[in-house]
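Examination of the molecular architecture
Residues per chain are reported as follows:
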Amino acid sequence: MGIFASILGKLGIGGTAASTRHRPATVGPAARTPGGRGVAPAPRPAVAIAASKPIPVADLLARIEAKAGASGQKLEWKTSIVDLLKLLGLDSSLAARKELATELNAPTDVMDDSAEMNVWLHREVIARIAANGGNIPPTLLD
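A brief report on the enclosed structure follows. (Residues numbered from 1 in each chain as written. Predicted model: local features only at pLDDT ≥ 70, side-chain atom pairs only at ≥ 80, totals over all residues. Heavy atoms only, no water.)

Digging into the overall build of the protein chain
Helix and strand content of the protein chain: 6 helices and 4 strands. Counting helices and strands in the order they occur from the N terminus, the protein chain gives α-β-β-β-β-α-α-α-α-α. Across the 142 residues of the protein chain, 32% fall into the buried class. Excluding contacts between residues fewer than 6 apart, the proportion of contacts in the protein chain whose partners are at least 24 apart in sequence is 56%. When the accessible surface of the protein chain is totalled, it reaches about 8900 Å², and 56% of it is carbon and sulfur. (Helix = DSSP H or I, 4+ residues; strand = E, 2+ residues; numbered from the N terminus. Buried < 20%, exposed > 50% of the residue type's maximum accessible area, 1.4 Å probe, protein only. Contact = heavy atoms within 4.5 Å. Areas by Shrake-Rupley, 256 points an atom, 1.4 Å probe, with all protein chains shown as cover.)

Quick look at the structure:
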């Protein structure tokens, strides 16, 4: 799982558009095929993944603010990617932020300056949270 997926998970934004995936076959009592010439493979049950619904602005902000209140630290998560990652209990080291920037396809010139990368990352993460069902207030999307 990537860092951005971890961010979405920590915010309670998950799932994908209704899709189906298969679990591997389980080993159990073997059933004979017609004619008794072998063992029929166990069926693979399909598992539906629920589509995620957009989270209302108040709910998303309330979740984040609750985490901020519980942290006991003054974190500027609305403007700082480092503080947002800390708030979510994720690694905020330079190496982790570079990994996140790479995952989100940051432009090469942004990667060379950590301050510029941090600003780009914060904007990009907030925009992608919104794109994945998190209703973000317009003031945070600027």
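A few points about the packing of helix α4 (residues 94-103) against helix α6 (residues 114-131)
Two numbers describe how α4 lies on α6: the axes approach to 10 Å, and their chain directions differ by 55 degrees. With respect to their mutual orientation, α4 and α6 come out oblique. Handedness of the crossing formed by α4 with α6: left-handed. Residue-level inspection shows Leu94, Arg97, Lys98, Leu100 and Ala101 of α4 in contact with α6, the latter providing Ser114, Met117, Asn118, Trp120, Leu121 and Val125. (Axes fitted to C-alpha atoms, helices over the stretch in contact; angles between N-to-C directions. Parallel < 35°, antiparallel > 145°, perpendicular 65-115°, else oblique. Left-handed = near helix turned anticlockwise from the far one by under 90°.)

A short note on helix α1 (residues 3-10)
Among the residues making up α1, those that are buried are Ile3, Phe4, Ser6, Ile7 and Leu8. In this structure, the buried side of α1 is in contact with α3 (81-87), α4 and α6. Once α1 finishes, Gly12 follows within two positions and takes phi at roughly 80 degrees, a positive value.

Let's talk about the nonpolar core
Among the nonpolar cores identified, the biggest contains 32 residues, and Ile7, Leu100, Val125 and Ile129 are the most heavily contacted of them. Elements supplying a minimum of two residues to this core: α1, α2 (57-71), α3, α4, α5 (108-111) and α6. Looking at this core element by element, the count peaks at 6 residues for α6. Residues in contact with Ile7, not counting those within four places in the same chain, are Leu85, Leu88, Leu90, Leu100, Val125 and Ile129. (Core = buried A, V, L, I, M, F, W, Y, C linked by side-chain atoms within 4.5 Å.)

Description of a negative patch on the surface
A contiguous patch of negative charge on the surface is contributed by Asp109, Asp112, Asp113 and Glu116. Mapping Asp109 onto the fold places it in helix α5. (Patch = residues over 30% accessible without salt bridge, like charges linked within 9 Å, V, L, I, M, F, W, Y side chains within 5 Å. Salt bridge = Lys/Arg side-chain N within 4 Å of Asp/Glu carboxyl O. Lys, Arg positive; Asp, Glu negative; His and termini not counted. Charge placed at Lys NZ, Arg CZ, Asp CG, Glu CD.)

Details of unusual backbone geometry
The phi torsion at Asn105 lies on the positive side, around 60 degrees, for a residue other than glycine. With respect to the helices, strands and loops of the structure, Asn105 is situated in the loop between α4 and α5. Residue Asn105 is classed as exposed on the basis of its relative accessible area of 62%.

Describing the packing of α1 against α4
Contact geometry for α1 and α4: axes closest at 8 Å, N-to-C directions at 100 degrees. Of the possible angle classes, the one that applies to α1 and α4 is roughly perpendicular. Contacts between α1 and α4 involve Ile3, Phe4, Ala5 and Ile7 from the first element and Ala96, Glu99, Leu100 and Glu103 from the second. Grouping the amino acids of the contact of α1 with α4 by side-chain chemistry returns 6 nonpolar, no polar and 2 charged. (Nonpolar A, V, L, I, M, F, W, Y, C, P; charged D, E, K, R; others polar.)

Some details on the environment of Ala96
If you trace the backbone, Ala96 turns up in helix α4. Using a relative accessible area of 7% as the deciding quantity, one classes Ala96 as buried.

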